[in-house]
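Here is how the chains run, residue by residue.
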Amino acid sequence: MVNPNRGAVGFSSTEFEQEYERPSKTELKRQSDALQKMGETLVEAPRDRVKRVPMPEDVMDAILACQNITNHEGRRRQMQFVGKKMRSLDEAEVAVIQKTIDSWKGASKSETAAMHALERRRDKLLVDDKALTTLLEENPELDVQQLRTLIRNARKEQAENKPPKAYREIFQILKQIDAKKNKPAADGDEQDDDSESDDE
């Protein structure tokens, strides 16, 4: 049997919409906390990095002033002032600052990943002689003798629990190779074929 009440109780939800057009207190608090946190991130960031962030001068001054304060209470008060300044920004300004901060995170993430890759390569050099052959094929300009000595010394350091002097030197060499490889051709002569030439 068909229930006569079914379907008769539907209502239009639009009658409740107007109440929620303004952000709730909770939402305002969340936004305020997010801006305070953004201010803290800027205060903790390196000074030269902060100076490159596009933002109003008074906000920048408040952040740079906070970086100079060492007294705990003074810094806490200035941090609150930074938060207040952050809350005075409009949405577009906040979006630009957030985008800049996100780009730092991206940069540091890729830097960390690159460091881990170099560390893995160094460890491979210590356990696998073929890894050295590959490295020399890719970078024929390297000093074979110096590398062999460093690898031998690094193995000895590990075996005897000595300070990792040679181990660190290998890492620096790998870092230099990586920096050279990733450096854009600054002189305007982009000779891509040169970097890939096989000197065998």
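What counts as what
- Residues numbered from 1 in each chain as written.
- Predicted model: local features only at pLDDT ≥ 70, side-chain atom pairs only at ≥ 80, totals over all residues.
- Heavy atoms only, no water.
- Helix = DSSP H or I, 4+ residues; strand = E, 2+ residues; numbered from the N terminus.
- Buried < 20%, exposed > 50% of the residue type's maximum accessible area, 1.4 Å probe, protein only.
- Areas by Shrake-Rupley, 256 points an atom, 1.4 Å probe, with all protein chains shown as cover.
- Axes fitted to C-alpha atoms, helices over the stretch in contact; angles between N-to-C directions.
- Parallel < 35°, antiparallel > 145°, perpendicular 65-115°, else oblique.
- Left-handed = near helix turned anticlockwise from the far one by under 90°.
- Contact = heavy atoms within 4.5 Å.
- 1 Å grid on protein atoms, 1.4 Å probe; cavity = no way out; pocket = protein on both sides within 12 Å on 5 of 7 lines; lining within 4 Å.
- Points joined across faces, edges and corners; volume = space filled by probe spheres on them.
- Nonpolar A, V, L, I, M, F, W, Y, C, P; charged D, E, K, R; others polar.
- Phe/Tyr/Trp six-rings, centres within 6.5 Å; stacked < 30°, edge-to-face > 60°.
- Lys NZ or Arg CZ within 6 Å of the ring centre and 35° of its normal.

A. Focus on the overall build of the protein. Tallying secondary structure elements over the protein gives 9 helices and 0 strands in all. When the helices and strands of the protein are read in sequence order from the N terminus, they spell out α-α-α-α-α-α-α-α-α. Across the 200 residues that make up the protein, the buried fraction comes to 26%. When the accessible area of the protein is evaluated, it comes to approximately 15,300 Å², of which 50% is carbon and sulfur surface.

B. Focus on the packing of helix H1 (residues 25–44) against helix H4 (residues 72–87). Running from N to C, H1 and H4 point in directions that differ by 120°, and their axes come no closer than 8 Å. Taken together, the axes of H1 and H4 lie oblique to each other. Considering the relative orientation of H1 and H4, their crossing is right-handed. Between H1, through Ser-32, Leu-35, Gln-36, Met-38, Gly-39, Glu-40, Leu-42, Val-43 and Glu-44, and H4, the contact on the second element is made entirely by Arg-75, Met-79, Gln-80, Val-82, Gly-83, Met-86 and Arg-87.

C. Representation of the layout of surface pockets in the model. When its volume is computed, the second largest pocket comes out at roughly 400 Å³. If you go around the second largest pocket, you meet 16 residues; those closest to its centre are Gln-31, Ala-34, Leu-35, Met-38 and Val-94. Among the elements of the structure, H1 and helix H5 (91–127) are those that each provide at least two residues to the lining of the second largest pocket. Considering each element in turn, the lining of the second largest pocket owes the most residues, 8 residues, to H1. Looking at side-chain class alone, the lining of the second largest pocket contains 6 nonpolar, 4 polar and 6 charged residues.

D. Region of interest: the packing of aromatic side chains. One pass over the full model with this rule turns up 0 aromatic pairs. The ring of Tyr-167 is capped by Arg-122, whose NZ or CZ atom sits 3.6 Å from the centre of that ring.

E. Representation of the side chain of Thr-100 in the model. Mapped onto the elements of the fold, Thr-100 is located in helix H5. If we skip the residues at most four places from it in the chain, Thr-100 touches Val-53 and Pro-54.

Purely geometric numbers; function is a separate question.
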